[in-house]
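Each chain, written out:
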Amino acid sequence: MKAVAVKPGTPNSVHLTDIPEPSLDAFPDGNGVLVKTLKVGVDATDREINEALYGNAPEGDDYLVIGHESFGVVEAVGPKVRRVKPGDYVTATVRRPGGSIYDMIGTNDMTSEETYYERGINLRHGFMTEKFVDEEEYIVRVPEGLKHLHVLQEPMSCAAKAVQQAYEAQQRMKVWRPRLAYVLGSGQIGLLTTLILKLRGLEVYTLARGEAPNLKSEIVEGMEAHYVSTRQTPMNELVAKTGKPDLIVDATGSSKLAFQAMQYVGHNGVVVWTSITGGDQNIEIPSDSVNLNWVLGNKLLLGSVNGNRTHFESGIRDLALGDMMFPGVLSKILTHPVDGLENYQEMMRLLVEEKDALKVFVNVAEE
């Protein structure tokens, strides 16, 4: 069957290839799920893997099937599968277990090992193919009423985890009731994080470079949040107007902005980094000032990577609620469809060249 893959370590190696069809026989314990791929989303991670900034092939292969944002329909299940059945819409988690205690209890995203396994990213093949098979544990059912949001399920899980991790970490405060949040970046993670924070009742400012009005500002304002162009209002000026935020979530892909966020969060506040930066940029920061204010202000910095099953499930619930609260808004994120795996070059061109491509996804097959 057809698949889109790269040769890790070789820049711009994305290509169409043939790989063996998957089978439930790969899971002799009867817990396998065979999925027909309908759509696959791509983002900056796929672009950077194609640029050979990171990513490794599974052992024994010289290629890596890309694509970690899956949406499909179940074709067949093993005899022990209970959570899904043929005909169900599903997505799949990305991280796979290593050997640490955290991997053994289902929190693969919190592994303590240096080597990690992610489908479509590192040491495990992704979903940019006609079918895939996986264990029931990593398959998450998507309600039929959310199929119009298809590939947003995976990025939503990342946003859900970032917010949940902040709240869990802030149990150190005994009582933490944040009222003001900044979201840095208006890509898919930034927009979905904005949604989650609005559903939690926070006043949210989403910061991005583009000047309003534009599609991103329309989406942000459609969720009753505030869109701020940093070209018109730099972050320090916004802080002077709003006061320091209780929570800042960085989703810019810029390490410079991620570090700048540390200067603006309020006392007892949290900065969450979700960006993956594969470059080699160096910046200067006012380290003495940051150190002083972080210690005296009891501030917290945490990193958040791909979510586990619980984050997918909570993200899906928030997508459902958000779609009801703000009808038609979330669909606007899905901007650039590409029809067919054979059009992988157009897919990559959109990722590289099209600055207005908020969400690129491939229509792999009809239902």
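Residues numbered from 1 in each chain as written. Predicted model: local features only at pLDDT ≥ 70, side-chain atom pairs only at ≥ 80, totals over all residues. Heavy atoms only, no water.

**Here's the deal with the layout of surface pockets**
Logical step 1: There is about 500 Å³ of room inside the second largest pocket.
Logical step 2: Together, 25 residues line the second largest pocket, and Pro22, Phe27, Arg119, His125 and Val133 are the ones closest to its centre.
Logical step 3: Put simply, the parts of the chain that give the lining of the second largest pocket at least two residues each are strand S9 (123–124) and strand S10 (131–135).
Logical step 4: Examining the composition of the lining of the second largest pocket, we find that 5 residues originate from one element, S10, more than from any other.
Logical step 5: Classifying every residue of the lining of the second largest pocket by side-chain character gives 13 nonpolar, 4 polar and 8 charged. (1 Å grid on protein atoms, 1.4 Å probe; cavity = no way out; pocket = protein on both sides within 12 Å on 5 of 7 lines; lining within 4 Å. Points joined across faces, edges and corners; volume = space filled by probe spheres on them. Helix = DSSP H or I, 4+ residues; strand = E, 2+ residues; numbered from the N terminus. Nonpolar A, V, L, I, M, F, W, Y, C, P; charged D, E, K, R; others polar.)

**Comments concerning the UniProt feature "domain: Alcohol dehydrogenase-like N-terminal" (unreviewed entry) in the protein chain**
Logical step 1: Residues annotated in UniProt with the feature "domain: Alcohol dehydrogenase-like N-terminal" (unreviewed entry) correspond here to residues 32–144.
Logical step 2: The distance from the first to the last C-alpha atom of residues 32–144 is 22 Å, and the span holds 10% helix and 37% strand. (UniProt positions renumbered as here; feature names shortened; annotations may be inferred.)

**Describing the nonpolar core**
Logical step 1: Core analysis: the biggest nonpolar cluster contains 47 residues, and Leu197, Leu247, Val272, Leu319, Leu330 and Ile333 have the highest contact counts within it.
Logical step 2: Counting residues per element, this core draws most heavily on helix H3 (residues 153–169), at 6 residues.
Logical step 3: When sequence neighbours within four positions are dropped, the list of residues in contact with Leu247 reads Ala166, Trp176, Leu180, Ala181, Tyr182, Leu197, Val270 and Val272.
Logical step 4: Grouped together as the second largest cluster of nonpolar side chains are 39 residues, Tyr54, Ile139, Tyr344 and Leu351 included. (Core = buried A, V, L, I, M, F, W, Y, C linked by side-chain atoms within 4.5 Å. Buried < 20%, exposed > 50% of the residue type's maximum accessible area, 1.4 Å probe, protein only. Contact = heavy atoms within 4.5 Å.)

**Structural notes on the environment of Ile196**
Logical step 1: Relative to the helices and strands, Ile196 resides in helix H4 (residues 188–199).
Logical step 2: Assessed through its relative accessible area of 3%, Ile196 is described here as buried.
Logical step 3: Sequence spacing of Ile196 and Met156 is 40 residues, and the spatial spacing of their C-alpha atoms is 9.0 Å.
Logical step 4: Those residues within four positions of Ile196 in sequence are excluded, and the remaining contacts are Met156, Ala159, Ala160, Val163 and Asp318.

**Focus on the pattern of salt bridges**
Logical step 1: Inspection of every chain in the model, using the stated rule, returns 18 salt bridges.
Logical step 2: Between Lys131 and Glu21 there is a salt bridge, with its nearest N and O atoms 3.9 Å apart. In this pair, Lys131 is assigned in strand S10 and Glu21 in the loop between strand S2 (15–18) and strand S3 (32–42), connecting sequence segments 110 residues apart.
Logical step 3: Residue classification places Glu21 among the exposed positions, given a relative accessible area of 53%. (Salt bridge = Lys/Arg side-chain N within 4 Å of Asp/Glu carboxyl O.)

**Some points on the sheet that holds strand S4 (residues 64–65)**
Logical step 1: If you walk across this open sheet you meet the 3 strands as S2-S1-S4, and the pairing is antiparallel. With one partner strand each, in any of the chains shown, S2 and S4 form the two edges of the open sheet.
Logical step 2: By the bridge criterion, 2 bridges tie strand S1 (residues 2–6) to S4 in an arrangement that is antiparallel. Counterpart to Val6 in the pairing with S4 is Leu64. (Pairing = 2+ DSSP bridges.)

**A look at empty space enclosed by the protein**
A water-sized probe, rolled over the atoms, reveals where empty space remains.
Logical step 1: Applying the stated rule across the entire model yields 1 cavity of 30 Å³ or more.
Logical step 2: Considered as a void within the structure, the largest cavity measures approximately 60 Å³ in volume.
Logical step 3: Thr93, Arg95, Gly106, Asn108, Glu137, Tyr138, Gly307, Asn308 and Arg309 are the residues that line the largest cavity.
Logical step 4: The class makeup of the residues in the lining of the largest cavity is 1 nonpolar, 5 polar and 3 charged.

**Description of the sheet that holds strand S8 (residues 117–119)**
Logical step 1: Sheet architecture is open: 3 strands sit in the order S7-S8-S9, paired in mixed fashion. Of all the strands in the sheet, just strand S7 (95–96) and S9 have a single pairing partner and so form its edges.
Logical step 2: In the sheet, S7 pairs with S8 via 2 bridges, with the strands oriented antiparallel. In the strand pairing of S8, Arg96 is matched with Tyr117.

**A word on the environment of Thr107**
Logical step 1: Along the chain, the position of Thr107 falls in the loop between helix H2 (101–104) and S8.
Logical step 2: Along the backbone, Thr107 and Gly78 are 29 residues apart, and their C-alpha atoms lie at a distance of 24 Å.
Logical step 3: Thr107 has contacts with Tyr102 and Asn308, leaving out every residue within four places of it along the chain.

**A word on H4**
Since one α-helical turn is 3.6 residues long, residues separated by three or four positions face the same way.
Logical step 1: The terminal C-alpha atoms of H4, which comprises 12 residues, lie 17 Å apart, in line with the 16 Å expected from a rise of 1.5 Å per residue.
Logical step 2: Burial of H4 is extensive: 10 of the 12 residues sit out of reach of the surface.
Logical step 3: Of the residues making up H4, those classed as buried are Gln188, Ile189, Gly190, Leu191, Leu192, Thr193, Thr194, Leu195, Ile196 and Leu197.
Logical step 4: Positioned one or two residues after H4, Gly201 has a phi angle of 90°, which is positive. (Expected span 1.5 Å × (residues − 1).)

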